[in-house]
Amino acid sequence: MEPVRKSQRELEIIYEADKIQHLLKKYLANQTLFVQGYDPPHPVKLAGFSDLNTVSLDMGQLEPAPDTELTIFRILGRYMHLHCKITGATGQGNLYHAVVQHAAISRMDRSALRLPVQGDEIYLTNFRASKHTIDATLFNIPTSVKVNFGTVEQELKKKHDFAKIDVFARRGDLLDEIRKSGLPVLVRDAREAAGFKPPGPGYFDYAAFLDDTIRKTIEQYRREKALSEIIVPVIYVTHDFSSIPLGYIRVQSRTRAYTEDDVAEIRELAFQLVDRIRDSNTVFIQEKQEVINLSRGGLKCLITHPELKEYLQRQNGFTFDLVFKMQAPITLYGVIRGAYATRGTGELTLSIQISGSSSRDGEMKRFLDNIQRYEARYIEQLEKRKKLLGQK
C-alpha cells in the first residue's frame, strides 16, 4: 500500500540509540508487530535485537528486498512504531536483519476501544464532500465561486447605484481589516465624520481606522458622488467547519442613507451566496462503503467508489451517514487523520476522527449508545475466548 496522506497522530520521534534500545527491551522484545500500509496489517515477529539496534524480524510470507524501508507498529496502551531498513535475509527461514532508523511513540494513550465490524452490519453512505478546495487566495478560486459572485452582483446592480462582489486581495487596506475582523462596515452619511462611526457593537469602526485621514476620505466619497456605503464580508464555511473569509459585498447609494436594516439585508444575501457556492461545490454520493472498525472517537473505512476516492484524497474532512443495521442513518462529520491507497486495486483506506454530528437532536447520543452496545458485546466475546483458551 502507498500512503497518500500522513497520519496526524501526535508522535514523539526517537533517534537516540539508547532510547530505542530501551523501547526494544522493555516493550517490544518477542512481540508481534504489524507492517504499516497493509490492510489487514501484515504480522511480523521481533525475534531479536543487538546493542546496535539491528533487529531480527520474522517476516512470515513477506520477502522484502535489501534496502527496503518499512514501518512496523504495535499498540500497547500507546501506539509505537519502528522505522526500519532491511539489510538482508539471514538464511534462516523467514528471518531478516534490519536497522532501526528511528522509533516513535504516541504522546497519549489510546482512549477508546476499537471494535471490529463484521460484514455490512455497519456501513457508511450519503457522502457530502467538496468538489474543489475553496481557498481565500486570488490564485485558487473555482469557477463556481466566480459564477455565483457575478450572478449575485448583477442582481445587486439593479437595486443600488454601485455594487461589487469580489475576493479579498490587497493587504493592509480597509478590505483587509474587514477580512480579519469578519465585521461589516456601514457608512451612514459620507459627508460628515460622524457618518463613519459604527452604529453599535458588531460593526467595524471605520472612523477609528481612518483616524486623521477621514477628511481626505470624505472628499473621495464626494468626488465619487457616494452618499452612503455598506461592505459585508462573505464568510465561506467548509465541510470541515472552517471559516474562510472568501470575499466581500460592497454597495453604495447616491441618494439615500443606508440603515442597519439595509446591512441585515446584505448580510442575508451573503449567507445565501455562501449556500449557493456550497451547493454548486458539493458532491453527494449515496454508495455504501465498508467500515473496518470503529470506536467512540472515530472509525476506519474502505473507500472503493472511484469518484469518491478522487474527492476524499484531497479533503480534510467530509460529512457522511453512519448506518447501524436496522436503524435510521446517523449524520456525522469526520476529519481525515490518515489515508492509504492500495497498490493494484486502488482502494482507499481512511482513518476518520468523528468531530461532530448533524443539527438533529440526539444524533451524537444515538451514535454513542450504539458504540456502548457494541463495546459490551465485544468485551463479552473476548472474555469467552479467554475462558476457552484457559487464560485468566
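The structure this text deals with has already been given above.
What you are looking at is a predicted structure, and each value in this text was computed from that prediction instead of being measured. (Residues numbered from 1 in each chain as written. Predicted model: local features only at pLDDT ≥ 70, side-chain atom pairs only at ≥ 80, totals over all residues. Heavy atoms only, no water.)

A. Molecular detail of the sheet that holds strand β13 (residues 228-237). Here we have four strands laid out as an open sheet, ordered β11-β14-β13-β12, and antiparallel in their pairing. Because the sheet does not close on itself, it has two edges, and the strands there are β11 (162-167) and β12 (185-187). Along the sheet, successive strands turn relative to each other by an average axial angle of 15°, direction set aside. Sheet analysis places β12 next to β13, joined by three bridges and oriented antiparallel. When the bridges of β13 are listed, Val 185 appears paired with Ile 231. (Pairing = 2+ DSSP bridges. Helix = DSSP H or I, 4+ residues; strand = E, 2+ residues; numbered from the N terminus. Axes fitted to C-alpha atoms, helices over the stretch in contact; angles between N-to-C directions.)

B. Region of interest: the pattern of salt bridges. Inspection of every chain in the model, using the stated rule, returns 17 salt bridges. With a closest N to O distance of 3.5 Å, Arg 128 and Asp 321 form a salt bridge. Of this pair, Arg 128 sits in strand β10 (residues 122-130) while Asp 321 is found in strand β18 (residues 317-324), placing the two residues 193 residues apart along the sequence. On the accessibility criterion, Asp 321 (7% relative accessible area) is buried. (Salt bridge = Lys/Arg side-chain N within 4 Å of Asp/Glu carboxyl O. Buried < 20%, exposed > 50% of the residue type's maximum accessible area, 1.4 Å probe, protein only.)

C. How the structure looks around the nonpolar core. Among the nonpolar cores identified, the biggest contains 32 residues, and Leu 294, Leu 299, Phe 318, Phe 320, Leu 322, Leu 350 and Phe 367 are the most heavily contacted of them. If one sorts the elements of this core by residue count, strand β19 (residues 330-341) sits on top with five residues. If near-sequence neighbours (up to four positions away) are discounted, Phe 367 is found in contact with Leu 294, Ser 295, Arg 296, Leu 322, Phe 324, Ile 330, Leu 332 and Ile 354. Grouped together as the second largest cluster of nonpolar side chains are 26 residues, Val 152, Leu 186, Ile 266 and Leu 273 included. (Core = buried A, V, L, I, M, F, W, Y, C linked by side-chain atoms within 4.5 Å. Contact = heavy atoms within 4.5 Å.)

D. How the structure looks around helix α5 (residues 214-223). Ile 214, Thr 217, Ile 218 and Tyr 221 are the residues of α5 that are buried. Looking down the long axis of α5, one finds its buried residues gathered within 105° of arc, a one-sided arrangement. When the buried face of α5 is taken as reference, the exposed residues oriented beyond 90 degrees from it are Arg 215, Lys 216, Arg 222 and Arg 223. The inward-facing, buried residues of α5 abut β12, α4 (206-210), β13 and β14 (243-253). Lys 225 sits one or two positions beyond α5 and adopts a positive phi of about 60°. (Arc of directions from axis to C-beta.)

E. Up close: the pairing of strand β4 (residues 42-49). Examined bridge by bridge, strand β3 (residues 32-35) and β4 share four bridges and lie antiparallel to one another. The partner of Leu 33 across the bridge, within β4, is Val 44.

F. Looking closely at the side chain of Asp 262. Mapping Asp 262 onto the fold places it in helix α6 (residues 260-280). With residues up to four places along the chain from it excluded, the contact list for Asp 262 reads Ile 230, Arg 256 and Ala 257.

Remember that the coordinates give geometry; whether it matters functionally is a separate question.
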